[in-house]
Amino acid sequence: MTFAIRPLDPLHDAELVHGWVTHPKAAFWLMGDASLPDVEREYMSIAAAEHHDAFIGERDGVPVFLMERYDPRYVELVGLYEPEPGDIGMHFLVAPTDTPEHGFTRAVITAVMEHLFADPAVRRVVVEPDVRNKAVHALNEAVGFVPDREIDKPEKRALLSFCTRAGFEAATDKEVRV
């Protein structure tokens with residue numbers, strides 16, 4: 001599967017993303033009760049942030065996932081672990097569908113990781129999903145993430161996990177060229 005990843009346009013994409021983040025399948029995204037203006041504000045804030053970016057992933061021109069990239073020295077994990085040079089944080093959300101496709105979510109997370117590791121400065125990807133989100137833990141491990149420890153964030157108990165470039169390549173058999 002081939003995906004194109006483009007920057008999220010907060011005004012143009014807010015309605016689309018609102019439908020994704022408020023869907024029951026996106027419960028761990030913690031925006032289930034968000035209004036459209038809430039989503040617009042959230043992604044306007046991310047667009048204006050120096051250390052946080054949001055992207056839309058498309059398949060054949062159709063938006064199918066949301067990805068956020070952040071610098072854990074300044075966003076999400078400040079004071080919760082000791083960042084190393086080359087660390088980048090990531091969140092991803094696959095659009096809800098009535099016709100699930102086997103292997104699709106794994107293809108998405110693989111594309112997200114390839115996109116992140118395409119930056120030669122990125123040495124390690126950091127994630128902090130809810131400890132209860134067993135499905136995403138399995139996906140993370142499938143692409144090379146290694147759980148480190150549980151941490152307490154204001155909004156959740158999270159499983160801090162890391163994936164090095166070598167770990168990703170070994171888990172997926174994909175060499176990332178820079």
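First things first, this report covers the structure right here in the doc. Keep in mind the model is a prediction, meaning the values are calculated, not measured. (Residues numbered from 1 in each chain as written. Predicted model: local features only at pLDDT ≥ 70, side-chain atom pairs only at ≥ 80, totals over all residues. Heavy atoms only, no water.)

**A few points about the layout of surface pockets**
- Volume-wise, the largest pocket comes out at about 1,000 Å³.
- Considering the residues around the largest pocket, the lining is formed by 42 residues, among which Phe28, Trp29, Phe92, Leu93 and Asn133 are closest to the centre.
- Mapped onto the lining of the largest pocket, the elements with two or more residues apiece are α2 (36-48), β4 (87-94), α3 (104-117) and α4 (134-142).
- Ranked by the residues each element gives to the lining of the largest pocket, the list is headed by β4, at five residues.
- Of the residues that constitute the lining of the largest pocket, the class distribution is 22 nonpolar, nine polar and eleven charged. (1 Å grid on protein atoms, 1.4 Å probe; cavity = no way out; pocket = protein on both sides within 12 Å on 5 of 7 lines; lining within 4 Å. Points joined across faces, edges and corners; volume = space filled by probe spheres on them. Helix = DSSP H or I, 4+ residues; strand = E, 2+ residues; numbered from the N terminus. Nonpolar A, V, L, I, M, F, W, Y, C, P; charged D, E, K, R; others polar.)

**Remarks on α3**
- Relative to the 20 Å expected for 14 residues at 1.5 Å per residue, α3 spans 20 Å between its end C-alpha atoms, a close match to the ideal helical length.
- When you tally the buried positions in α3, you get ten out of 14 residues, the bulk of the element.
- All of the buried residues along α3 are Phe104, Ala107, Val108, Ile109, Thr110, Ala111, Val112, Met113, Leu116 and Phe117. (Expected span 1.5 Å × (residues − 1). Buried < 20%, exposed > 50% of the residue type's maximum accessible area, 1.4 Å probe, protein only.)

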